[in-house]
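Residues per chain are reported as follows:
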Amino acid sequence: MTLTQRLLSLMRLRPTPTGVWHLTGTRWSAGLTDEDMQQIGAVCPPRPYRKGERIHRAGDPGGTLHILLDGHVKLSRTGMLGGERVITVCGPDDFFGESFLTEMTTTQADAICLSDRAVICPITREQFLEITRRVPTVAVLLASILATRVHDLQMRLESLSQPVQVRLAHVMLDLTYRFGHETEAGHYALDLDLRHEEIASLAHASRVSATQAISAWRAKDLVLGTRGQYRVNASGLERLIEELQLDALR
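Analysis parameters
Residues numbered from 1 in each chain as written. Predicted model: local features only at pLDDT ≥ 70, side-chain atom pairs only at ≥ 80, totals over all residues. Heavy atoms only, no water. Helix = DSSP H or I, 4+ residues; strand = E, 2+ residues; numbered from the N terminus. Buried < 20%, exposed > 50% of the residue type's maximum accessible area, 1.4 Å probe, protein only. Contact = heavy atoms within 4.5 Å. Areas by Shrake-Rupley, 256 points an atom, 1.4 Å probe, with all protein chains shown as cover. Salt bridge = Lys/Arg side-chain N within 4 Å of Asp/Glu carboxyl O. Core = buried A, V, L, I, M, F, W, Y, C linked by side-chain atoms within 4.5 Å. Pairing = 2+ DSSP bridges.

Asker: Please clarify how the overall build of the protein should be interpreted in this entry.
Answerer: Within the protein one finds eight helices and 13 strands. Among the 250 residues that make up the protein, the fraction classed as buried is 44%. Relative to all contacts within the protein whose residues are 6 or more apart in sequence, the contacts with residues 24 or more apart total 76%. When the accessible area of the protein is evaluated, it comes to approximately 12900 Å², of which 51% is carbon and sulfur surface.

Below you can see the structure in the form of structure tokens.
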């Protein structure tokens, strides 16, 4: 069995807690050269999307892996009570889609362009095999990403038992570190068009809980700003998480 075949087998064994397949925070392109990226682009030409445009709907035929090159994409599905449940927000270098890497025959979530513009490289199984033939480094990088992914899934499962404000703070920190930029030590600017209910959904919490938490953070100068533009005191949020976790143990 080749490395690529082993990789495909491993990826089929890695479901997410939500059942929606995605890999976020991979930074995989950092391990590729400009020539590697040109080879990948030659096999699967990138496609642009506008804000609000759907990449796919839940229930569409699967079979294509989507690599996000630029912009933000929201993955969501309809909840038990009919409302939208946000699964995750994908950014540059993230992968999503029930494709040849999974056993799903249809997509399990809506994928919607969240930023003004997004650029996505859609890849079929045949194209993936061609890419790994031209750029063997891709298979090695994905194997490394999967190893990290297992640990991340374990941490996420453990976080579900944490107090709601801790879960919300973890979500805000994750978004900040992935999509924000540091303005000074421990402080970040985060430009991301998410409503309170969408942030709440990412933390498996209610909109009321998210609004209350963000209001409390604002009073402590931990998170300032409004939807779309936030200023986040990441160091302060990390200290708050530690304090809340200690209080939960008492």
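Further notes follow.
Asker: It is not clear to me how the pattern of salt bridges should be interpreted in this structure. Could you clarify?
Answerer: When charged atoms on two side chains of opposite charge get close, those side chains can pair. Counted by the stated rule, this structure contains 13 salt bridges. Here Glu-84 and Lys-74 are joined by a salt bridge, their closest N and O atoms 3.1 Å apart. Of this pair, Glu-84 sits in strand 6 (residues 84-90) while Lys-74 is found in strand 5 (residues 73-78), placing the two residues ten residues apart along the sequence.

Asker: Whenever I open this one, the nonpolar core confuses me. Can you help?
Answerer: Across soluble globular proteins, nonpolar side chains have a tendency to be buried as a group. Formed by 32 residues in total, the largest nonpolar core has its most connected members in Leu-175, Trp-217 and Leu-237. Among the elements of the structure, strand 6, helix 5 (164-179), strand 11 (187-190), helix 6 (196-202), helix 7 (207-219), strand 13 (229-233) and helix 8 (234-249) are those that each provide at least two residues to this core. No other element matches the eight residues that helix 5 contributes to this core. Ignoring sequence-local partners within four residues, the contact set of Trp-217 consists of Gln-165, Leu-168, Ala-169, Met-172, Leu-222, Val-223, Leu-237 and Leu-240.

Asker: Would you take a moment to explain the sheet that holds strand 7 (residues 95-96) for this structure?
Answerer: In a beta sheet, neighbouring strands pair by backbone hydrogen bonds and run either parallel or antiparallel. The strand order across the open sheet built from five strands is 1-7-4-9-2, with neighbouring strands paired in antiparallel fashion. The sheet is open, and its two edges are formed by strand 1 (22-23) and strand 2 (47-50), each paired on a single side. In the sheet, strand 2 pairs with strand 9 (residues 117-123) via four bridges, with the strands oriented antiparallel. The residue bridging Arg-50 from the neighbouring strand is Arg-117, located in strand 9.

Asker: What should I look at first to understand unusual backbone geometry in this one?
Answerer: Keep in mind that most residues, glycine aside, have a negative phi and that most peptide bonds are trans. The backbone phi angle of Arg-27 is positive, close to 55 degrees, even though this residue is not glycine. Tracing the chain through its elements places Arg-27 in the loop between strand 1 and helix 2 (34-43). The backbone phi angle of Asp-221 is positive, close to 60 degrees, even though this residue is not glycine. With respect to the helices, strands and loops of the structure, Asp-221 is situated in the loop between helix 7 and strand 12 (223-226).

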